[in-house]
Amino acid sequence: MEPRWSHCGPLCLPRHCLLLLLLCGSGFFQSHAVDVEVKDSSNATCIYAKWMMSFFIKYETNSSEYRNATLHVSPNVTHDGSTCGNETFAPLLAIQFGAGHFWSINFTKTSGTYRGSIITFIYNTNDTAVFQDAKKRGPVTIVVNDTMHPVQLNRVYKCHHNESIEAENVTQSFWDVTLQAFVQNGTVSKNESICDADAPTSVPPVGNLTTASTASSPAPTTTPKPVEKPVPGNYSLKNGNQTCFLATMGLQLNASQEKPSVININPKTTHVTGSCGNTSATLKLNDSNSRFIDFVFLVKNTSANTQRFYLKEVNVTLHVSTNGSEILHAENHNLSMWDTSLGSSYMCQKEQTVEVNEDFQIHTFDLRVQPFLVKENKYSTAEECFADSDLNFLIPIAVGVALGFLIILVFISYIVGRRKSRTGYQSV
């Protein structure tokens, strides 16, 4: 069995169950596709797969804080352990990459169909280039069920869109997947089975995306319509039956590239996941499998008896084409925003800007957030941002000045009236 690997040129972004996620590093990036054939002892192909894959991992540091790492498959991939299977063992596609990382999936078939079964992912926190200052060192194993729907035998499964699988602080994402297991007669089929997300009725609308023109031709006489203020969404997380995280915000993404893009997040099409903890909490927003935004909050001790929470990290991944063939990713792990007393909520009605990196910004509107100590499913007393408190401070001053001016006018009118009355009386 001689699996063949080749590496294609840069591709990009997101979705399905057999391989891949967000990519790493600060700023934007493009990943590389991997192309593999697993062959049996007679050199006949039994598994063919071409995919994009990446992993988003949350791990604990020596300072007991949590940090996010993004791990992607490097070019130096090996394939030890891949097998066509037999009556005893299921077919297995396995790869090893980087500093001790491993990923595999096995396949099953029943009643004329095949599907992915068990995914095993082992990441090694001894890889200090990825897991800086990790508290626990060594391999960590994650085992999950693949979410791939059954595919008819002798058909190639294809999915351009991204699908993510979350388990134990790890998000695995897969996109641009082309796969056929149980290849018949050693020949990859030309018949395709398309995932639901790629079907015409499932393609998310491309609304709320504004692209700046870079053409050299004269600009049209009509003025481009400005991007509207985003509609605020209400997002929440539960721990059992109890609400543990509340957030209300309008979100607008701004990517400054060759063709700058401004995107409003639609709360009606946004799926919410995340986690609640005593000292860290994460809100994950997924808008139609095209835009992924993570907000990470931490608790800090400012004195022996005082604790506060703040926004520590943001991670953003975008599909910037309708077929999911381009991905942008940006992240910032060193924020210190929305600082608020623990047990309170943070509120800012005015527009705020979260600088992810020099090319990417998140704008928030009508923001209110409480990631810790939510009681009775309601926000606690809000601590307002400086912009709002400044406005609230100016309003009574303005009202006071207006009233004072009105009093002065009344007083002047009274004096003028008195003088006129005296003048009239003396003339008589």
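Calculation criteria
Residues numbered from 1 in each chain as written. Predicted model: local features only at pLDDT ≥ 70, side-chain atom pairs only at ≥ 80, totals over all residues. Heavy atoms only, no water. Salt bridge = Lys/Arg side-chain N within 4 Å of Asp/Glu carboxyl O. Helix = DSSP H or I, 4+ residues; strand = E, 2+ residues; numbered from the N terminus. Buried < 20%, exposed > 50% of the residue type's maximum accessible area, 1.4 Å probe, protein only. Contact = heavy atoms within 4.5 Å. Polar contact = N/O pair within 3.5 Å; in protein donor to acceptor, adjacent residues only side chain to side chain. pLDDT = per-residue confidence, 0-100. Disulfide = S-S within 2.5 Å. Core = buried A, V, L, I, M, F, W, Y, C linked by side-chain atoms within 4.5 Å. Patch = residues over 30% accessible without salt bridge, like charges linked within 9 Å, V, L, I, M, F, W, Y side chains within 5 Å. Areas by Shrake-Rupley, 256 points an atom, 1.4 Å probe, with all protein chains shown as cover.

A. Quick look at the pattern of salt bridges. Applying the stated criterion to the full structure yields eight salt bridges. For Glu60, the salt bridge goes to Lys135, with nearest N and O atoms at 3.7 Å. Separated by 75 residues along the polypeptide, Glu60 in strand 3 (residues 45-60) and Lys135 in the loop between strand 7 (113-124) and strand 8 (139-145) bring together distant segments of the chain. By relative accessible area, Glu60 is classed as partly exposed at 24%. When its relative accessible area of 42% is taken as the criterion, Lys135 is described as partly exposed. Ionic pairing is found between Lys229 and Asp366, a salt bridge with its closest N-O pair at 3.2 Å. You can see Lys229 sitting in the loop between strand 14 (209-211) and strand 15 (233-239) and its partner Asp366 sitting in strand 26 (residues 360-370), a full 137 residues away along the chain. Each of Lys300, Arg308, Asp339 and Glu383 takes part in salt bridges that share partners, so that together they form one network.

B. A look at the environment of Asp287. Relative to the helices and strands, Asp287 is located in strand 19 (residues 280-287). Overall, the relative accessible area of 2% leaves Asp287 in the buried class. Through-space distance from the C-alpha of Asp287 to that of Lys268 is 8.6 Å; in sequence the pair is 19 residues apart. When residues no more than four places from it in sequence are discounted, the contact partners of Asp287 are Asn264, Ile265, Asn266, Thr269 and Thr270. Side chain to side chain, Asp287 and Thr269 meet in a polar contact 2.6 Å long.

C. Expanded view of the confidence of the model for the chain. Mean pLDDT for the chain: 79, with 78% of residues reaching 70 or above. Residue range residues 201-217 is modelled with pLDDT below 50. Its contacts to residues more than four positions away, or to other chains, number 28 contacts. This model gives residues 219-224 a pLDDT under 50, and the stretch forms zero contacts once residues within four places in sequence are excluded.

D. Structural view of the state of the cysteines. Across all of its chains, the model carries four disulfides by this definition. Between the sulfur atoms of Cys244 and its disulfide partner Cys276 the distance amounts to 2.0 Å. Judged by the sign of its S-S torsion, about 70°, the cystine formed by Cys244 and Cys276 is right-handed. Linking Cys244 in strand 16 (residues 242-255) with Cys276 in the loop between strand 18 (270-275) and strand 19, this pair joins segments that are 32 residues apart in sequence. Judged by relative accessible area, Cys276 falls into the partly exposed class, the value being 28%. Two residues, Cys348 and Cys385, share a disulfide whose sulfurs are 2.0 Å apart. Handedness of the Cys348-Cys385 disulfide follows from its S-S torsion of about 70°: it is right-handed. In this pair, Cys348 is assigned in strand 24 (residues 345-348) and Cys385 in the loop between strand 27 (382-384) and helix 1 (386-427), connecting sequence segments 37 residues apart. A single burial state applies to Cys348 and to Cys385, both of which are buried. Should the bonded cysteines of the chain be numbered as they appear in the sequence, the pairing reads 1-2, 3-4, 5-6, 7-8.

E. Summary view of unusual backbone geometry. The backbone of Ser64 sits at a positive phi, close to 65°, despite the residue not being glycine. As for its placement among the helices and strands, Ser64 is situated in the loop between strand 3 and strand 4 (66-72). Residue classification places Ser64 among the partly exposed residues on the basis of a relative accessible area of 39%. The phi angle at Leu373 is positive, at roughly 55°, despite the residue not being glycine. With respect to the element layout, Leu373 can be found in the loop between strand 26 and strand 27.

F. Broad picture of the nonpolar core. One finds Trp51, Phe55, Phe97, Trp103 and Phe121 to be the most contacted residues of the largest nonpolar core, which totals 44 residues. With eight residues, strand 3 is the single largest residue contributor to this core. Leu237, Leu253, Val314 and Phe360 belong to the second largest nonpolar core, which has 38 residues in total.

G. Spotlight on the side chain of Gln180. Following the sequence through the fold, Gln180 ends up in strand 12 (residues 170-181). Residues in contact with Gln180, not counting those within four places in the same chain, are Cys46, Ile47, Tyr48, Tyr114, Asn154, Arg155, Val156, Val188 and Ser189.

H. Summary view of a nonpolar patch on the surface. A contiguous nonpolar surface patch, about 490 Å² in accessible area, is contributed by Leu403, Phe405, Leu406, Leu409 and Val410. One can find Leu403 in helix 1. With a relative accessible area of 49%, Leu403 lands in the partly exposed category.

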